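# Examination of the molecular architecture
Residues per chain are reported as follows:
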Amino acid sequence: MRFEDRSWTVVMLEGARARLVDSDNSTATVLVNYLFAAPDFELIGAPRRHVPPFGLLEELPVQARERAEAWERHVREVETGLPVPGQGGVPRAEFDPAQRTVAKREEAKAAELTAAGQPTSAVTVRRMRARYREKGLWGLVDQRTARRRSVVGRADERVVAAITQVLEAQRECSSGTLSRLRRMVGWVLEETHGPGAVEVPPVTTFNRLVHALADGHGLLGSAAQQRRRTSRPAPPFTPTVTLRPGELVMLDSTPLDVLVVLADGVTGSVELSIALDVATRSICAGWCVRWAQDRWMRQCCWRRWSRPCGCARGGRRRWLCPGQSSPMSGWCRWMRGWKGQRRGR
C-alpha cells in the first residue's frame, strides 16, 4: 500500500492496529481507521472489488435474476472447481483445476450446458468469465432486461418538451380540452423550431403522450384541483432514522366516513386523530371527537395527548375527568361551550 508518500507492506494486524514495514525495513504501527482515512492511502497491485448493485438486481425480473445467479455458479465452478467456493467438497473430475487446464474446463462446461438444453460454446463461457471478473454478478445479467423504458416511448424529445412547457404554463388555470392543448403545442413548436420543422403527432398518439406526461402530476384537472395540488407541502422523502421511542412522533387527523350519535343525542360526523411513534411503530394515543373544522381544535386535541388527564392540574390519575362519562362526551361539551364563547365575542 501507499501511505505518507511511501510504500508499505502489512505484516501483522493486532486489534485495531496495523504493523507496517517499508522497503528500508522501517516499521510503523498505525490505527486502521486512521490509515483508511488518510487522503494518500492507496492499495498497490490489488484488484478493485465491485460492490454488487443489489438495488438494481432487485428490480430485475425473477427469471433474469435467477439466470444470472446460475451463470455465477457455472463461472465459479470453471475457475475454482466448486460452484460455491468455501463450502468444502471435492471438485468434479472435468472441473478439477489440478487435473485440467482452464480451456478444457471451459469446453467441459459448454458441453454440459448444451446437453442440458442450453446451447453454449466455450467462447461464451470465456466471455461470461471476463464479464464476471469486470462487473461481478451484474455483468452476468442480460442487459436487455435491465433497460428502463421511458413513459413517452420513442416520442420526439422536442414534442415532449413542448407539451411539458404548455402543461406547466397553464398549471394555475383550467387545462381545457386536448384539442386546444394540441393547437397550443403546435404554436410552441413553430415558434421554437420554425414552421413545418417539427410535426405534431396524430390525435391518438398525442393524447396518449399527454396522459403519460400529465397523469399523476395533476396537470389535466380543473383550475381548483391544480391550485390545491400545487399548494400541498412537499412530502418528506428524506430517510429518517429514529433510535429511541418518542424521538419522532407523527400526528395525523382524518374524518371518518360514518355518522355517530353524540352524547347529547345529536347525529354528527367525527374525526379520528392518532399519534404514531416511528421508532417502535406503535400508536401512542388516539382520540375520536366531533369533526372540527378549525385547526386550533386539532391542536387542542394533540395537546391533550402530550398532557393526559393523569398529568393535569390536581394530579388525578384517571383518564376520565370529573363528571365525564367518556373521553368523547366531555370533549364535545367543552367544544360546544368554546364555540358559544366565540360567537358571543
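Cut-offs and rules
- Residues numbered from 1 in each chain as written.
- Predicted model: local features only at pLDDT ≥ 70, side-chain atom pairs only at ≥ 80, totals over all residues.
- Heavy atoms only, no water.
- Helix = DSSP H or I, 4+ residues; strand = E, 2+ residues; numbered from the N terminus.
- Expected span 1.5 Å × (residues − 1).
- Buried < 20%, exposed > 50% of the residue type's maximum accessible area, 1.4 Å probe, protein only.
- Arc of directions from axis to C-beta.
- Contact = heavy atoms within 4.5 Å.
- Pairing = 2+ DSSP bridges.
- Axes fitted to C-alpha atoms, helices over the stretch in contact; angles between N-to-C directions.
- pLDDT = per-residue confidence, 0-100.
- Salt bridge = Lys/Arg side-chain N within 4 Å of Asp/Glu carboxyl O.

A separate point is helix α6 (residues 157–169). Since the α-helix turns once every 3.6 residues, residues separated by three or four places project in the same direction. The end-to-end C-alpha distance of α6, which contains 13 residues, comes to 18 Å, matching closely the 18 Å that a straight helix rising 1.5 Å per residue would cover. Buried within α6 we find V159, V160, A162, I163, V166 and L167. Down the axis of α6, the smallest arc covering the buried residues is 165°, so these residues share one side. Across α6 from its buried face, at more than 90 degrees, point the exposed residues E157 and A169. Where the residues of α6 are buried, they touch α7 (178–193) and α8 (203–214).

Attention now moves to the sheet that holds strand β7 (residues 282–290). The sheet built from three strands is open, its strands ordered β5-β6-β7 with antiparallel pairing. Only two strands of the sheet have a single neighbouring strand rather than two, namely β5 (249–261) and β7. Neighbouring strand axes in the sheet, compared pairwise and without regard to direction, differ in orientation by 20° on average.

Before going further, it helps to examine the confidence of the model for the chain. Residues of the chain with pLDDT of at least 70 account for 72%, and the chain-wide mean is 76. When pLDDT is averaged over each helix and strand of the chain, the minimum, 44, is found for helix α11 (residues 327–344) and the maximum, 92, for helix α4 (residues 102–115). Contacts from residues 315–345, a stretch scored under 50 in pLDDT, to residues over four places away or in other chains number 47 contacts.

Strand pairing in a sheet relies on backbone hydrogen bonds, with the paired strands running either antiparallel or parallel. In spatial order, the strands read β1-β2-β3-β4; together these four strands make up an open sheet with antiparallel pairing. The outermost strands of the open sheet, each flanked by one partner alone, are β1 (2–3) and β4 (27–31). Relative to strand β3 (residues 17–22), strand β2 (residues 6–14) runs antiparallel, the two being bridged by six bridges. Looking at β3, one finds that E14 is bridged to R17.

Scanning all chains against the criterion turns up 14 salt bridges. Among the ionic pairs, E106 bridges to R126, the shortest N-O distance being 3.0 Å. Placement of E106 in helix α4 and of R126 in helix α5 (residues 122–135) is noted, with a sequence separation of 20 residues between them. Given the relative accessible area of 2%, E106 is considered buried. Residue classification places R126 among the partly exposed residues on the basis of a relative accessible area of 40%. Three or more residues joined by partner-sharing salt bridges are found here, namely E77, R92, E94, K109 and E112.

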